[in-house]
Amino acid sequence: MTMQEWRDSNATADSAADAFRDVLRLVEAPDRTVNSVRSGASHKGEALVYVGHLPAQVVERLAERVRRGTRP
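Now for a description of the structure that goes with this document. From a predicted model like this one, the values you see are computed outputs, not experimental measurements. (Residues numbered from 1 in each chain as written. Predicted model: local features only at pLDDT ≥ 70, side-chain atom pairs only at ≥ 80, totals over all residues. Heavy atoms only, no water.)

## Topic: the overall build of the chain
Secondary structure assignment for the chain yields three helices and two strands. The linear arrangement of helices and strands in the chain, starting from the amino end, is α-α-β-β-α. Since a compact globule built from 72 residues should have a radius of gyration of about 11 Å, the 14 Å found for the chain marks it as more spread out than a globular shape. Overall, the chain is about 40 × 25 × 15 Å in size when its C-alpha atoms are taken along their principal axes. In the chain, the proportion of contacts linking residues at least 24 apart, taken out of those at least 6 apart, comes to 59%. For the chain, the computed accessible surface area is about 5300 Å², with 52% contributed by carbon and sulfur atoms. Put simply, the chain has 11 plus and 10 minus side-chain charges, and the middle of one group is 4 Å from the middle of the other. (Helix = DSSP H or I, 4+ residues; strand = E, 2+ residues; numbered from the N terminus. Rg over C-alpha atoms; globule rule 2.2 N^0.38 Å. Contact = heavy atoms within 4.5 Å. Areas by Shrake-Rupley, 256 points an atom, 1.4 Å probe, with all protein chains shown as cover. Lys, Arg positive; Asp, Glu negative; His and termini not counted. Charge placed at Lys NZ, Arg CZ, Asp CG, Glu CD.)

## Looking at the packing of helix α1 (residues 3–26) against helix α3 (residues 56–68)
Two measures define how a pair of helices packs: the angle their axes make with one another and the distance between the axes. Where α1 contacts α3, the axes come no closer than 9 Å and their chain directions differ by 95 degrees. Comparing the axis directions of α1 and α3 gives the class roughly perpendicular. Together, F20, V23, L24 and L26 of α1 and V58, L62 and R65 of α3 make up the contact between the two elements. (Axes fitted to C-alpha atoms, helices over the stretch in contact; angles between N-to-C directions. Parallel < 35°, antiparallel > 145°, perpendicular 65-115°, else oblique.)

## Quick notes on a nonpolar patch on the surface
Together, M1, M3 and W6 make up an exposed nonpolar region whose accessible area comes to about 330 Å². With respect to the helices and strands, W6 occurs in helix α1. Overall, W6 belongs to the partly exposed group, its relative accessible area being 34%. (Patch = residues over 30% accessible without salt bridge, like charges linked within 9 Å, V, L, I, M, F, W, Y side chains within 5 Å. Salt bridge = Lys/Arg side-chain N within 4 Å of Asp/Glu carboxyl O. Buried < 20%, exposed > 50% of the residue type's maximum accessible area, 1.4 Å probe, protein only.)

## Re unusual backbone geometry
A positive phi angle, near 55 degrees, is found at E28, a position not held by glycine. Mapped onto the elements, E28 comes out in the loop between α1 and α2 (31–34).

This is the structure in C-alpha cells:
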C-alpha cells in the first residue's frame, strides 16, 4: 500500500465519521458522545470509524429513526 492509498483511506474514514456525527446530532446525542467518534485507517488501508460505547437512549433514538425511515 502506498502512502497515498493510506491517506485516501483516512479521508474516507474522516468523511464517514463526520456523517455519523451529523446523525448523532440529529437525535440530540450529548456532545461527549458526538465528540467520541474517531476515524482512522488500519495498517492494511481499511477505512475505519470507532464509535465506542453509546448511551442506550441515543441508540434507541437512532433505531427509531431508521425504523421510521423518515427525514427530520
